[in-house]
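The primary structure of each chain is shown beneath.
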Amino acid sequence: KWRWIELAVEEQRAYVMRLLDALEVTDRDKRLKVARAILYLAQGVFDECDTEVDVLHWSRHNIFLLYEMGIFTALLELLSMEIDNSQACSSAVRKPAISLADSTELRVLLSIMYLMVETIRVQTEDDRPEWVAARAAFKNELGSPLYNGEPFALLLFTMVTKFCSMNAPHFPMKKVLLLLWKTILKIKERLNLPPLPEDSIKVVRAMRAASPPASAIELIEQQQQQKRGRRSRRPLVKQDSLDTYNERDPFKNDDSRDEEEDPEDTDSGIEGEVDPLDRDVIIQPPPPPPPLRPPTERVNFPKGLPWAPKVREKDIEHFLETSRNKFIGFTLGNDTETLVGLPRPIHESVKTLKQHKYVSIAEVQIKREEELQQCPMTLIALLKLLLAAAPTSKAKTDSINILADVLPEEMPITVLQSMKLGIDVNRHKEIIVKAISALLLLLLKHFKLNHIYQFEIVSQHLVFANCIPLILKFFNQNIMSYISAKNSICVLDFPHCVVHEMPELTAESLEAGDSNQFCWRNLFSCINLLRILNKLTKWKHSRTMMLVVFKSAPILKRALKVKQAMMQLYVLKLLKIQTKYLGRQWRKSNMKTMSAIYQKVRHRLNDDWAYGNDIDARPWDFQAEECALRESIEKFNSRRYDKNKNGDFTPVDNCLQSVLGQRVDLPEDFHYSYELWLEREVFSQPIQWEGLLQNP
């Protein structure tokens, strides 16, 4: 019996070629058998390996070989065939309950494709030159409209849409979403703008994850534990608020009663339970990867603050407008250069503001778009349409449909089977949340890089589909329990389960869960959802007011209990943008949260967030704000993508090849009379060639 790992590469290629031919047979069962053989190769021929490292090595080797031999394209054809299988769809719709058996072929195909996308995408130290070339080719292939004139991601979006509209309840959504996320996870180059003065990831890594201010219940509990002589948690009364605040903290209050005893913020987990996160354990991220780019020059930061401040052009204009009104009695509009008649300190202030001026890609694009609306003949460029569909439509399915690709045909009959399925169902849900949150964040980031108005239209769709209250509802749970959930069985993880002997599973071993104290998957999901919320609400007063109306402050404050610096940063950002709307009393009784915001969040130099005197805090017509944004988006869409352009500025097609290639509807008898038509309309008409040389 031959072994795969002992074959020469040429023999391996010949075997893959035979598998490729066998994929084209009409017999469905034979095709599935061949697809499973390909999946076994992609998983690293684990039956021939002794260690997990060997499995990963052969998985990588085989996947690049499979890609080179054209397996991905063949799988794509089979996937398209399965998606269009109306018989399977109608059968699934009629079934009272869907199980794993209804999606076997789809799951095998998606598993191979996921392994290929994820493995080829990741760069490693042992990359061969041909693998580097394959990675570049695969990236271009995934982004190109090679599959029925559409990118691969659009096919996967179609699967999400069909599933959500109840036309294909058997589609394995978890695998589709994971593959979709990894497919669009490609690096995008930024526009020609100066880089930020710091690397956000590095700054957050350097931040100390902090302990939240203690609630009244926690303080009483600590006192009781001390009286009983048990090992108590460190008294949070003496610990400086939300981070390592020192005596120089400008928001520090000597009043010891200021412990932020928010009546809505007393949820400290199940009564009597000592939460693992309350043991002063700080969640630290894994060690950072080596830097991929040389460090840029850093500006001088304010002492004690991690971020360099930012200033918008609008801020400089507003400052100068106020100063000119005060000192010389008139204004110069948008002029930010003329300083005539203004005293020396104002000159220094403007200089400082300009040093920290930050021009976002969005501002550049909006300004360019305004210019294009005024003179549409200039700056016109062809842009690619990025993905237009997103899995935001509500699934009109109950939980059984969402779990179609995790429920077995035979439901559990023993306690052990029930526990195993329960853990699997929870893990399945967590993975779906992780994939959707990562996918939405990635789409918003990519759309924003491509064009601000593409980002804005997707954002509006999300807002109108109640995304903001949905995310707040997600966080209005016991977030500590969610972060420390243990819904995985270590011994069943791949490749551990195929290399080592399987120990006997018992109810006790399942209850023990994994050895990790925190669930990184759930922490990742929470950070993604917070970042999405930040992207939807930033600079949008109407959406910030939604945070206020839906009482997000106590919900967000509870999320600060998670001692992880990056998560705390995005929570504090969401609290910062609404502080001026929450009123003086809230700010007064939440000084430690205010202090945390001051120390951790980036500030605008003339940002008045802490006092509520900001000009942006005045009453706004929020409906008008969204309508004005929609009007700008519609102008953008009309100019860019409207096929029925009848305006005076429609560009003339003067390319001979495309003009001659246009389809023209002619009468049926034209071919009988076209010679007469040519003679009468063309040859007999005198052409004044010199007229072309004269000015009109």
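Thresholds applied
- Residues numbered from 1 in each chain as written.
- Predicted model: local features only at pLDDT ≥ 70, side-chain atom pairs only at ≥ 80, totals over all residues.
- Heavy atoms only, no water.
- Helix = DSSP H or I, 4+ residues; strand = E, 2+ residues; numbered from the N terminus.
- Buried < 20%, exposed > 50% of the residue type's maximum accessible area, 1.4 Å probe, protein only.
- Contact = heavy atoms within 4.5 Å.
- Areas by Shrake-Rupley, 256 points an atom, 1.4 Å probe, with all protein chains shown as cover.
- Core = buried A, V, L, I, M, F, W, Y, C linked by side-chain atoms within 4.5 Å.
- Salt bridge = Lys/Arg side-chain N within 4 Å of Asp/Glu carboxyl O.
- pLDDT = per-residue confidence, 0-100.
- Phe/Tyr/Trp six-rings, centres within 6.5 Å; stacked < 30°, edge-to-face > 60°.
- Lys NZ or Arg CZ within 6 Å of the ring centre and 35° of its normal.
- Polar contact = N/O pair within 3.5 Å; in protein donor to acceptor, adjacent residues only side chain to side chain.
- Axes fitted to C-alpha atoms, helices over the stretch in contact; angles between N-to-C directions.
- Parallel < 35°, antiparallel > 145°, perpendicular 65-115°, else oblique.
- Left-handed = near helix turned anticlockwise from the far one by under 90°.
- Nonpolar A, V, L, I, M, F, W, Y, C, P; charged D, E, K, R; others polar.

Asks: Which parts of the structure should I look at to understand the overall build of the protein chain?
Replies: Helix and strand counts for the protein chain come out as 30 helices and 0 strands. Here the protein chain, with 696 residues, has 43% of them falling under the buried criterion. Residue pairs at least 24 apart in sequence account for 78% of intrachain contacts in the protein chain once pairs closer than 6 positions are excluded. When the accessible surface of the protein chain is totalled, it reaches about 40,000 Å², and 55% of it is carbon and sulfur.

Asks: How should I be thinking about the nonpolar core in this particular structure?
Replies: For soluble globular proteins, the rule of thumb is that nonpolar side chains tend to be buried together. Counting residues in each nonpolar core, the largest one holds 132 residues, and the members touching the most others are L79, F152, F475 and M567. Broken down by element, this core gets its largest block of residues, 11 residues, from helix 16 (residues 415–450). Not counting residues up to four positions away in its chain, the partners in contact with L79 are L106, L109, L110, M113, F152, L155, L156 and M159. If you look at the next biggest cluster of nonpolar residues, it comprises 5 residues, including L403, L407, L421 and V425.

Asks: Would you explain the pattern of salt bridges in this entry?
Replies: For side chains bearing opposite charge, pairing can occur when the charged atoms are close. Counting across every chain of the model gives 15 salt bridges. We note a salt bridge from E105 to R28, for which the minimum N-O separation is 3.1 Å. In this pair, E105 is assigned in helix 6 (residues 104–121) and R28 in helix 2 (residues 28–42), connecting sequence segments 77 residues apart. Since its relative accessible area comes to 31%, R28 is described here as partly exposed. E456 serves as the salt-bridge partner of K540, at 3.0 Å between the closest nitrogen and oxygen. With K540 in the loop between helix 22 (520–537) and helix 23 (541–549) and E456 in helix 17 (residues 452–464), the pair connects residues that are 84 residues apart, well separated along the chain.

Asks: When you look at the confidence of the model for the protein chain in this model, what are you seeing that I'm missing?
Replies: Low-confidence regions, as indicated by low pLDDT, have predicted coordinates that should not be scrutinised in detail. This prediction gives the protein chain a mean pLDDT of 75; 68% of its residues lie at or above 70. When the criterion is pLDDT under 50, residues 230–281 qualifies, and its contacts beyond four places in sequence or with other chains add up to 109 contacts. Every residue in residues 381–400 is under pLDDT 50, and counting partners more than four places away or in other chains gives 33 contacts.

Asks: Is there a simple way to explain the environment of R584 in this structure?
Replies: Structurally, the position occupied by R584 is in helix 26 (residues 584–589). Taking the relative accessible area as the measure of exposure, R584 reaches 69% and is therefore exposed. Between the C-alpha atom of R584 and that of Y611, which follows or precedes it by 27 residues, the distance is 7.7 Å.

Asks: I'm lost on helix 9 (residues 173–183) in this one. Help?
Replies: Turn by turn, an α-helix covers 3.6 residues, leaving residues three or four places apart pointing in a common direction. With 10 of 11 residues buried, helix 9 lies mostly within the body of the structure. Among all positions of helix 9, only M173, K174, V176, L177, L178, L179, L180, W181, K182 and T183 are buried. At its buried positions, helix 9 is contacted by helix 6, helix 7 (129–143), helix 8 (152–164), helix 16 and helix 22.

Asks: It is not clear to me how the packing of aromatic side chains should be interpreted in this structure. Could you clarify?
Replies: Using the criterion set out here, one finds 12 aromatic pairs in the structure. Among the aromatic residues, ring-to-ring pairing joins Y67, F72, F138 and F152 into one connected group. Here the basic side chain of K182 rests over the ring of W181, its NZ or CZ set 4.1 Å away from the ring centre.

Asks: Would you mind going over the environment of Q564 with me for this structure?
Replies: Looking at the secondary structure, you find Q564 in the loop between helix 24 (552–559) and helix 25 (565–582). Q564 sits in the buried class, given a relative accessible area of 7%. Each C-alpha atom of the pair Q564 and M207 lies 9.1 Å from the other, and the pair is 357 residues apart in sequence. Separated by 3.0 Å, the side chain of Q564 and the backbone nitrogen of M566 make a polar contact.

Asks: How should I be thinking about the packing of helix 4 (residues 71–83) against helix 8 in this particular structure?
Replies: To describe two helices that pack against each other, one gives the angle between their axes and the distance between the axes. At a minimum axis distance of 12 Å, the contact between helix 4 and helix 8 shows a crossing angle of 25°. Considering the angle they form, helix 4 stands roughly parallel to helix 8. Considering only the axes of helix 4 and helix 8, their crossing is left-handed. Residues F72, L76, L79, S80 and I83 of helix 4 pack against F152, L155, L156, M159 and K162 of helix 8. Taken together, the residues of the contact of helix 4 with helix 8 break down into 8 nonpolar, 1 polar and 1 charged.

Asks: Hey, could you run me through the packing of helix 18 (residues 467–475) against helix 22 in this one?
Replies: At a minimum axis distance of 10 Å, the contact between helix 18 and helix 22 shows a crossing angle of 150°. Taken as axis vectors, helix 18 and helix 22 run roughly antiparallel relative to one another. Here helix 18 and helix 22 pass one another in a crossing that is left-handed. On helix 22, the residues touching C467, I468, I471, L472, F474 and F475 of helix 18 are C526, L529, L530, I532, L533, L536 and T537. Here the contact of helix 18 with helix 22 is composed, by residue class, of 12 nonpolar, 1 polar and no charged.

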